Amino acid sequence: MDPGSIIVRADNPLRTLADLIAEARARPGALRVSDPGILSWEHLASLALQKQHGLSVNQIHYQGSAPAQLALLAGETDVALVAAGTAMAQSRAGATRTLALLDDQESAFLPGVPTAASQGTRIVTGSARGFVGPAGLPPTVGSTLAEALARAITGAEHQRKMQELGLPVRFMPPAEFSAYWSAEEAKLAPLVREVVGSGRAN
């Protein structure tokens, strides 16, 4: 999983997650927060943040992570929720600052950046990528494919390229990924139902 992150432009006065929360509380509905689409994990993470702290922000939905991040860099928004790997290039260039990592642990790619949990906000989410096959796939075929993917994903060359891109690699075999996916669905379903039922997009 590529963990989520909360970022601002480098010239933004907000320096911590506490600063962001205080700003949103002081100006309800004014802080402009971008995401790459309604009900994306980034949108849901923003809603979870608002729910935990009783906040209201101006949630702005874009069509993809690139437009959402460009909007932040252009000053159209104040805050963006993006995968840490997606934000890595701008972070390394000094164009953005990461306020919090949405993970259980800090990242070697972002030394010194605290997790949201360590700042009093328990949100763990990000961009997970998986391989799926058609229903009814013979177990022997599935096992062969899983073994081949394991060798490729954990191989030295792939690991090296991911390090260069700032993307952490956490390989999960089929049973573990299935359990992870089920747990994520169970965790997010109540929030999705609340959004869909209320028609709330921000």
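To be clear, the structure that these remarks concern was listed above.
Residues numbered from 1 in each chain as written. Predicted model: local features only at pLDDT ≥ 70, side-chain atom pairs only at ≥ 80, totals over all residues. Heavy atoms only, no water.

**Student:** So what exactly am I meant to see when it comes to the packing of aromatic side chains here?
**Tutor:** Any aromatic ring pair is given by two values, namely how distant the centres are and how the planes are angled relative to each other. Under the definition given, this model contains 2 aromatic pairs. Ring geometry for phenylalanine 177 versus tyrosine 180: centroids 6.0 Å apart, planes at 40 degrees, classification tilted. Note that phenylalanine 177 and tyrosine 180 are positioned in helix H7 (residues 174-198) at a spacing of 3 residues, about one turn of the helix. With respect to class, phenylalanine 177 is no different from tyrosine 180; both count as buried. Judged by centre distance (5.8 Å) and plane angle (35 degrees), the rings of phenylalanine 177 and tryptophan 181 are tilted. Here the residue phenylalanine 177 and the residue tryptophan 181 both occupy positions in helix H7, the gap between them amounting to 4 residues, near one helical turn. For phenylalanine 177, a relative accessible area of 18% gives the class buried. Taking the relative accessible area as the measure of exposure, tryptophan 181 reaches 44% and is therefore partly exposed. Every member of this aromatic cluster is reached through a ring pair, and the members are Phe177, Tyr180 and Trp181. (Phe/Tyr/Trp six-rings, centres within 6.5 Å; stacked < 30°, edge-to-face > 60°. Helix = DSSP H or I, 4+ residues; strand = E, 2+ residues; numbered from the N terminus. Buried < 20%, exposed > 50% of the residue type's maximum accessible area, 1.4 Å probe, protein only.)

**Student:** What's the story with helix H3 (residues 65-73) in this structure? I'm lost.
**Tutor:** An α-helical segment advances 3.6 residues per turn. Residues three or four places apart therefore align on the same side. Among the residues of H3, those classed as buried are Ala68, Gln69, Ala71 and Leu72. Taken end-on, H3 shows its buried residues confined to a sector of 155 degrees, consistent with a single buried face. On its buried side, H3 packs onto strand S1 (2-9), strand S2 (32-35), strand S4 (79-83), helix H4 (84-92) and strand S5 (96-102). Residue glycine 75 follows H3 closely and has a positive phi angle near 85 degrees. (Arc of directions from axis to C-beta. Contact = heavy atoms within 4.5 Å.)

**Student:** Just to check I follow, could you spell out empty space enclosed by the protein for this structure?
**Tutor:** To find leftover empty space, one rolls a probe the size of a water molecule over the atoms. Applying the stated criterion to the full structure yields 1 cavity of 30 Å³ or more. For the lining of the largest cavity, the elements supplying multiple residues, two or more each, are helix H1 (17-26), helix H2 (41-53) and S4. Partitioned by chemical class, the residues of the lining of the largest cavity number 10 nonpolar, 2 polar and no charged. (1 Å grid on protein atoms, 1.4 Å probe; cavity = no way out; pocket = protein on both sides within 12 Å on 5 of 7 lines; lining within 4 Å. Points joined across faces, edges and corners; volume = space filled by probe spheres on them. Nonpolar A, V, L, I, M, F, W, Y, C, P; charged D, E, K, R; others polar.)

**Student:** Before we go on, may I ask you to explain the environment of glutamine 163 in this structure?
**Tutor:** Along the polypeptide, glutamine 163 turns up in helix H6 (residues 156-165). Residues glutamine 163 and alanine 108, spaced 55 residues apart in sequence, show a C-alpha to C-alpha distance of 10.0 Å.

**Student:** Explain the packing of H3 against H4 here, please?
**Tutor:** When two helices pack together, you describe them by how their axes are tilted relative to each other and by the distance separating the axes. Where H3 contacts H4, the axes come no closer than 11 Å and their chain directions differ by 35 degrees. For H3 against H4, the interelement crossing comes out right-handed. Each of Ser65, Gln69 and Leu73 in H3 lies in contact with H4, whose residues at this interface are Thr86, Ala87 and Gln90. Here the contact of H3 with H4 is built from residues that sort into 2 nonpolar, 4 polar and no charged. (Axes fitted to C-alpha atoms, helices over the stretch in contact; angles between N-to-C directions. Left-handed = near helix turned anticlockwise from the far one by under 90°.)

**Student:** For this particular structure, what's the right way to read the pattern of salt bridges?
**Tutor:** Pairing is possible between side chains that carry opposite charge, provided their charged atoms lie close to one another. Evaluation of the coordinates by the stated rule reveals 10 salt bridges. Between aspartate 103 and arginine 170 there is a salt bridge, and its shortest N-O distance comes to 2.4 Å. Taken together, the positions of aspartate 103 in the loop between S5 and strand S6 (126-127) and arginine 170 in the loop between H6 and H7 put the pair 67 residues apart, joining distant regions of the chain. The exposure class assigned to arginine 170 is partly exposed, which follows from its relative accessible area of 34%. Notably, a salt bridge pairs arginine 160 with glutamate 157, separated by 2.7 Å at the nearest N-O pair. With arginine 160 and glutamate 157 both in helix H6, this residue pair falls 3 residues apart, about one helical turn. On the basis of relative accessible area, arginine 160 is assigned to the partly exposed category, the value being 39%. Here the salt bridges do not stand alone but share partners, grouping Glu157, Arg160, Lys161 and Glu164 into one network. (Salt bridge = Lys/Arg side-chain N within 4 Å of Asp/Glu carboxyl O.)

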